[in-house]
Amino acid sequence: MRHLPHAAAVAALVLGLTSCGLFADPERDGPALTAPAGVTAQAGSATSVHVMWNRPASTADVVQYEVYRDARRVRRLPADRHMVDVTGLRPRSRYVFTVRARGTDGELGPASRRVAVTTPAAVAADRTAPTRPAGLTGSVAGGTSVSLAWRASRDDKAVVSYDVFQGTTKIHSVGGRQTRALVTGLRPGTAYAFSVRARDAADNTSPASGTVRLTTRRGKDGASAGTGTAPSGFRASSRAADGGYYVDLAWTPPDTGGEVPAYQVFVDGAQATTVMWGEGTADAAKYSFYIGAEPGERHRVRIRAQLPDGTWGAFSTERTVTTG
């Protein structure tokens, strides 16, 4: 459980309130550009790595992303791209990737967290592609996301990754041990066709799976996020400590096909803070924050998770806590 010291908790809460405009900062002309969140790197073959990231948590506009391999910039991408295949790598080699966003003023924001990945060994004379992924199914997770699942492919060596296609365009990639993916960043009320292909270390690609056709729900932005993107099992309780009262939260992260990099905490209908989650998120997450010094006060609390495309999922069930 993350316990913030009294002063640190107050600072975190004030930062969150500042970000939603309750306390203005006259020294700033606009929101500062923050680092891209949720950066992941997945070896796609012995010579390629698939890098994905979320847009920065700040509201500052982004015009471009730069992807770095170690200290060298390898790709520049427009603001609507949150993934790229970095090719021409060496087998059995370790690489470290970071991503930076460029703002409308032309300045680069801070670098994301460093993500290390090791490419698998090359397989000599491997010309056998994996079998096609079978049994592809899908369900609509709201107005902007869908959930896909399939049965594992077989390969004479090993499946290294699965690529998700929207029509003929690759839009997502997961590791070879995963057989599900949450695809986000879609348009509400829109029909889509998805398929999946498997890849091995030699970059042999399987035939495409069957096609699943899904139509996202009508709605706008976060209001259209499906309940499948909401944290489940959400619990909230109050406790006394250090002369005041804290709220303890616990929940199960939504299944997004990867780690959830951040959560927004709302208190009494207003955003109180953003919890930036690091690597190795557990199956059940916990967080604590300072709420005040007066006993007998009632507060409504709920949270929502950041999805792979940087948008926010559906809200958890709202809980009421009373101090003291």
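Heads up: the structure comes first, above all this text.
Everything in this summary refers to the structure shown in the same document.

Definitions and cut-offs
- Residues numbered from 1 in each chain as written.
- Predicted model: local features only at pLDDT ≥ 70, side-chain atom pairs only at ≥ 80, totals over all residues.
- Heavy atoms only, no water.
- Helix = DSSP H or I, 4+ residues; strand = E, 2+ residues; numbered from the N terminus.
- Contact = heavy atoms within 4.5 Å.
- Pairing = 2+ DSSP bridges.
- Salt bridge = Lys/Arg side-chain N within 4 Å of Asp/Glu carboxyl O.
- Buried < 20%, exposed > 50% of the residue type's maximum accessible area, 1.4 Å probe, protein only.

### Quick look at the environment of Ala 116
At step 1: For Ala 116, the position within the fold is in strand E7 (residues 115–118).
At step 2: As for Ala 116 and Arg 94, which are separated by 22 residues in sequence, their C-alpha atoms are 6.9 Å apart.
At step 3: Apart from the residues lying within four places of it in its own chain, the contact partners of Ala 116 are Arg 94, Tyr 95 and Val 96.

### Let's talk about the pairing of strand E20 (residues 298–305)
At step 1: Where strand E17 (residues 262–267) and E20 come together, 5 bridges link them in antiparallel fashion. Of the residues in E20, the one forming a bridge with Phe 266 is Arg 302.
At step 2: Pairing analysis gives 4 bridges linking E20 to strand E21 (residues 319–322), with the strands arranged antiparallel. Bridge pairing links Val 301 to Arg 319 in E21.

### Thoughts on the pattern of salt bridges
At step 1: For the coordinates displayed, the defined rule picks out 9 salt bridges.
At step 2: With a shortest N-O distance of 2.6 Å, Arg 102 and Glu 66 are connected by a salt bridge. In this pair, Arg 102 sits in strand E6 (residues 94–103) while Glu 66 sits in strand E3 (residues 62–69), placing the two residues 36 residues apart along the sequence. Note on accessibility: Arg 102 and Glu 66 belong to one class, buried.
At step 3: One salt bridge connects Glu 318 with Arg 300, and the closest N-O pair in it is separated by 3.3 Å. In this pair, Glu 318 sits in the loop between E20 and E21 while Arg 300 sits in strand E20, placing the two residues 18 residues apart along the sequence.
At step 4: Since its relative accessible area comes to 37%, Glu 318 is described here as partly exposed.
At step 5: With relative accessibility at 36%, the residue Arg 300 sits in the partly exposed group.
At step 6: Connected via shared salt-bridge partners are Asp 85, Asp 163, Lys 170, Arg 199 and Asp 203.

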